[in-house]
Amino acid sequence: QVQLVESGGGLVQAGVSLRLSCAASVRTSSNRAMGWFRQAPGKEREFVAAINWSGGSTRYADSVKGRFTISRDNAKNTVYLQMNSLKPEDTAVYYCAAAPQSSIVTTTRGYNYWGQGTQVTVSS
């Protein structure tokens, strides 16, 4: 069982930065690919970024490429999402997820553990 707890969300103005953190409960999370997804009101949950088990490979949604950076610290069982140049359309609940395998996946069905989410609201 892997428990994930997100933190770092908040209400910010457009153009600023936020860093989200996702703390995993057990060390075995270091063998798993990790991902960030987001869900805006009335919309489906969508892929944002993912990272493989070692941190050597990452993937991003086109909408955040160049602005967001995913990283991980396996010694701390933590995954991060650095979000720069935030836009109002980035407003959503952001979820951290752990996959059952070490390689990157970009679909919600590819993850079997989810955090409770953290709200990010970007005002214009």
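Residues numbered from 1 in each chain as written. Predicted model: local features only at pLDDT ≥ 70, side-chain atom pairs only at ≥ 80, totals over all residues. Heavy atoms only, no water.

*Asks:* I tried to follow the nonpolar core on my own but got confused; where do I start?
*Replies:* What tends to happen in soluble globular proteins is that the nonpolar side chains get buried as a cluster. Leu4, Trp36, Leu81, Met83 and Tyr94 are the most contacted members of the largest nonpolar core, which totals 36 residues. At the level of elements, β3 (18-24), β4 (34-39), β5 (46-51), β7 (68-73), β8 (78-83), β9 (92-98) and β11 (118-123) are the ones that each hand at least two residues to this core. Apart from the residues within four sequence positions on either side, Met83 is in contact with Val16, Ser17, Leu18, Leu20, Arg67, Phe68, Tyr94 and Val120. (Core = buried A, V, L, I, M, F, W, Y, C linked by side-chain atoms within 4.5 Å. Buried < 20%, exposed > 50% of the residue type's maximum accessible area, 1.4 Å probe, protein only. Helix = DSSP H or I, 4+ residues; strand = E, 2+ residues; numbered from the N terminus. Contact = heavy atoms within 4.5 Å.)

*Asks:* Whenever I open this one, the pattern of salt bridges confuses me. Can you help?
*Replies:* Side-chain pairing between opposite charges can occur once the charged atoms of the two side chains come close. Going through the model one piece at a time under the given rule, you end up with 4 salt bridges. A salt bridge links Arg38 to Glu46, with the shortest nitrogen-to-oxygen separation between them at 2.6 Å. One salt bridge in this structure joins Arg38 and Asp90, with 2.9 Å as the shortest N-O distance. Within this pair, whereas Arg38 is found in strand β4, its partner Asp90 is found in the loop between β8 and β9, the two being separated by 52 residues in sequence. Neither Arg38 nor Asp90 differs from the other in exposure class; each is buried. Each of the salt bridges in this network shares a partner with another, and the network as a whole consists of Arg38, Glu46, Arg67 and Asp90. (Salt bridge = Lys/Arg side-chain N within 4 Å of Asp/Glu carboxyl O.)

*Asks:* It is not clear to me how the environment of Ser25 should be interpreted in this structure. Could you clarify?
*Replies:* With respect to the helices and strands, the residue Ser25 is situated in the loop between β3 and β4. Assessed through its relative accessible area of 40%, Ser25 is described here as partly exposed. Residues Ser25 and Ala99 lie 74 residues apart in sequence; the distance between their C-alpha atoms is 14 Å. The residues contacting Ser25, other than those within four sequence positions of it, are Gln1, Val2 and Gln3.

*Asks:* Just checking my understanding: could you explain unusual backbone geometry for this structure?
*Replies:* Across the chain, the bulk of peptide bonds are trans and the bulk of non-glycine residues have phi less than zero. Look at Asn77: it is not a glycine, yet its phi comes out positive at around 55°. Along the chain, the position of Asn77 falls in the loop between β7 and β8. A positive phi angle is found at Ser85, which is not glycine, with a value near 50°. One can find Ser85 in the loop between β8 and β9. Judged by its relative accessible area of 41%, Ser85 falls in the partly exposed class.

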